Amino acid sequence: MTLVINHDMLAKLSHEIQEIRVRTLHDIENKVKRALWERQELKFSPSSLVKNLIRWFGKVPLCEEAAVLELMSLLLTSHHGLEIVNHFTTSRLVKELGKVKYLIGAKPDLSELVDNVIQQVQSFKTVERGPRSDPASSIAESLASLKIECVDLTDSPRQSVSPHVPTGSAYPPQGRSLNYFVRCWEIPLPSDGQILKGLSESLHVDGDEKEIARALNFLVPSINDYPPEFFLQPPYIFHSLMKLLDARRVSMSDTIELFHRLAIAVQKRIKALQLTSMYTYQDPKSECAQESQLVQISVPAFVYELFLVGI
């Protein structure tokens, strides 16, 4: 009897209802094991299955992580392994598995499973013999020497606080250096500041699910209406989104869309500032004191945070 895993079954791995996803996962798992262990014929696309298994980790709430990782490991150790790696390439699979490891969080058992799968993928990589100059290394070294806003890109924004920062200072936050921040490009008016503060409070990691959903819906037009630097200033709505993503209170796809919108807005804002010789009007009625304006997340730090998430 021929076993079949068709497109409709793979699509159910991304179904909105968790019970349907789990039931489909176990059904596929049983078919793969029967085909491999009992040597039965199985008609399916190994690469499509692996792609949908990776997408599994983008669903909220996350469940059955071990079963998914074990199924991926089983496929890679089978005669389908080479076909899967050749389809995606080793580097791409390792990158995607790195995102999976981040989404799993601090779970040693699951992290070990991810590491095992990564090792299986890397075992397919051919080892080149003899010394060879790597042009990518020289390019990486050149990029590392670039500076934006006088901030060294190799200076991690998550390093310890600089020694010249006064004790008890409100900024930078613990674990970040002064290079993490720049002076505010523009400061919101008090009325706008209250709106942004309320929006940030609605995005609290322990907040109500419906309230978080409403706040996310409000964020889309807000990114278009307000200068993007407002989201990189106190109360740091950008950090609120990162915390929600880390706590798995929001879906990966929705958050990526918001980060994408914000990144485009920042890019357009930089171009606009360049056209005006970096001049920005500061409202004299603003409540932000001159000495406390070094609180905006810098562009390199913003990009670095997105890079850590794998975006």
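That block above? That's the structure.
Quick caveat, the model's predicted, so the values are computed rather than measured.

**Student:** Could you give me a rundown of the overall build of the protein, with the residues and numbers involved?
**Tutor:** The helix and strand inventory of the protein stands at 13 helices and 6 strands. Within the span of the protein, comprising 311 residues, buried residues form 41% of the whole. Restricting the contact set of the protein to residue pairs at least 6 apart, pairs at least 24 apart contribute 70%. Accessible surface for the protein amounts to roughly 18,200 Å². Of this, 53% is attributable to carbon and sulfur atoms.

**Student:** Provide a residue-level description of the environment of Gly207, including the pertinent values.
**Tutor:** On the secondary structure map, Gly207 appears in the loop between α9 (190-202) and α10 (209-225). Along the primary structure Gly207 and Arg249 are separated by 42 residues, whereas in three dimensions their C-alpha atoms are 9.4 Å apart. For Gly207, the contacting residues outside a window of four places in its chain are Ile212 and Arg249.

**Student:** Describe the pattern of salt bridges, listing the residues and the values that go with them.
**Tutor:** Enumeration according to the criterion identifies 7 salt bridges in this entry. A salt bridge links Lys101 to Asp115, with the nearest nitrogen and oxygen atoms 2.9 Å apart. Here Asp115 lies in helix α7 (residues 108-122) and Lys101 lies in helix α6 (residues 90-104), a separation of 14 residues in the sequence. Of the charged contacts in the structure, one is a salt bridge between Arg269 and Glu229, with a shortest N-O distance of 2.6 Å. Highlighted residues: Arg269 in helix α12 (residues 252-275) and Glu229 in the loop between α10 and α11 (237-246), separated in sequence by 40 residues. The buried category is assigned to Glu229, whose relative accessible area is 1%. The structure contains a network of salt bridges with shared partners spanning Glu186, Glu229 and Arg269.

**Student:** Go over unusual backbone geometry, please, and point to the residues and values.
**Tutor:** In this model, Pro234 is joined to Pro235 through a cis peptide bond whose omega is 10°. In this fold, Pro235 is placed in the loop between α10 and α11. Phi at Thr89 is positive, roughly 80°, even though this residue is not glycine. Within the secondary structure, Thr89 is located in the loop between α5 (81-88) and α6. A positive phi angle is found at Arg248, which is not glycine, with a value near 60°.

**Student:** Describe the packing of α11 against helix α13 (residues 299-309), naming the residues involved and giving the relevant values.
**Tutor:** For the pair α11 and α13, the least separation of the axes is 12 Å and the interaxial angle reads 10°. Looking at the two axes, α11 sits roughly parallel to α13. Counted together, Phe238, His239, Met242 and Leu245 of α11 and Phe302, Glu305, Leu306 and Val309 of α13 form the full contact between these two elements. Class assignment of the residues belonging to the contact of α11 with α13 gives a composition of 6 nonpolar, 1 polar and 1 charged.

Definitions and cut-offs
Residues numbered from 1 in each chain as written. Predicted model: local features only at pLDDT ≥ 70, side-chain atom pairs only at ≥ 80, totals over all residues. Heavy atoms only, no water. Helix = DSSP H or I, 4+ residues; strand = E, 2+ residues; numbered from the N terminus. Buried < 20%, exposed > 50% of the residue type's maximum accessible area, 1.4 Å probe, protein only. Contact = heavy atoms within 4.5 Å. Areas by Shrake-Rupley, 256 points an atom, 1.4 Å probe, with all protein chains shown as cover. Salt bridge = Lys/Arg side-chain N within 4 Å of Asp/Glu carboxyl O. Axes fitted to C-alpha atoms, helices over the stretch in contact; angles between N-to-C directions. Parallel < 35°, antiparallel > 145°, perpendicular 65-115°, else oblique. Nonpolar A, V, L, I, M, F, W, Y, C, P; charged D, E, K, R; others polar.

None of the figures reported here should be taken as evidence of function without further support.
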